[in-house]
Amino acid sequence: MDQYVVVLETGYKLASANHKITATEPLPHVEANRLFLELLDGQHADLLPAKADTSYLEVSPTEFMRIHRAMGGAMVMDRVTLARVH
């Protein structure tokens, strides 16, 4: 049975190295896909905390980006990817 992980890359901002990359443990496809879709719906604040002034951009069926304005107007990007483990 194939296993999948959800990779969260958070806090990307121009000229800043304060981003964070985390991944779930390998999960069955159904569970990983459910988690991915719940994150896209704004659930799981423990993994992807809510931010004001946010846009969710669906890049593909397995990747989305979240863009928001931080204090001072800087744009911050978060990316979430559903990936099969090889």
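Just so you know, these numbers come straight off a predicted model, no measurement behind them. (Residues numbered from 1 in each chain as written. Predicted model: local features only at pLDDT ≥ 70, side-chain atom pairs only at ≥ 80, totals over all residues. Heavy atoms only, no water.)

Colleague: Any details on the pairing of strand S6 (residues 75-84)? Residues and values, ideally.
Modeller: Bridge count between strand S1 (residues 3-13) and S6: eight bridges; the pairing is antiparallel. Each residue of the ladder has a partner; that of Val-6, found in S6, is Leu-82. From the end of strand S5 (residues 63-69) to the start of S6, which pair antiparallel, there are five residues, and Gly-72 there has a positive phi angle of about 85 degrees. (Pairing = 2+ DSSP bridges. Helix = DSSP H or I, 4+ residues; strand = E, 2+ residues; numbered from the N terminus.)

Colleague: Please provide a residue-by-residue account of the packing of aromatic side chains, values included.
Modeller: According to the stated counting rule, one finds two aromatic pairs in the structure shown. Each residue in the set Phe-36, Tyr-56 and Phe-64 is aromatic and connected to the rest through ring pairs, giving one cluster. (Phe/Tyr/Trp six-rings, centres within 6.5 Å; stacked < 30°, edge-to-face > 60°.)

Colleague: Tell me about the confidence of the model for the protein, residues and numbers included.
Modeller: Mean pLDDT for the protein: 92, with 100% of residues reaching 70 or above. Confidence, read as mean pLDDT per element, is least for strand S2 (residues 20-23) in the protein (93) and greatest for strand S3 (residues 27-28) (97). (pLDDT = per-residue confidence, 0-100.)

Colleague: Outline the pattern of salt bridges, supporting the account with residue identities and numerical values.
Modeller: For the structure shown, the criterion picks out four salt bridges. The salt bridge partner of Asp-2 is Arg-84, with a shortest N-O separation of 3.7 Å. Residue Asp-2 is located in the segment before S1, and its partner Arg-84 is located in strand S6; the two are separated by 82 residues in the primary sequence. On the basis of relative accessible area, Asp-2 is assigned to the partly exposed category, the value being 41%. Residue Arg-79 is joined to Glu-9 by a salt bridge in which the shortest nitrogen-to-oxygen separation is 2.8 Å. Here Arg-79 is found in strand S6, whereas its partner Glu-9 is found in strand S1, with 70 residues between them in sequence. The exposure class of Arg-79 is partly exposed, given its relative accessible area of 24%. (Salt bridge = Lys/Arg side-chain N within 4 Å of Asp/Glu carboxyl O. Buried < 20%, exposed > 50% of the residue type's maximum accessible area, 1.4 Å probe, protein only.)

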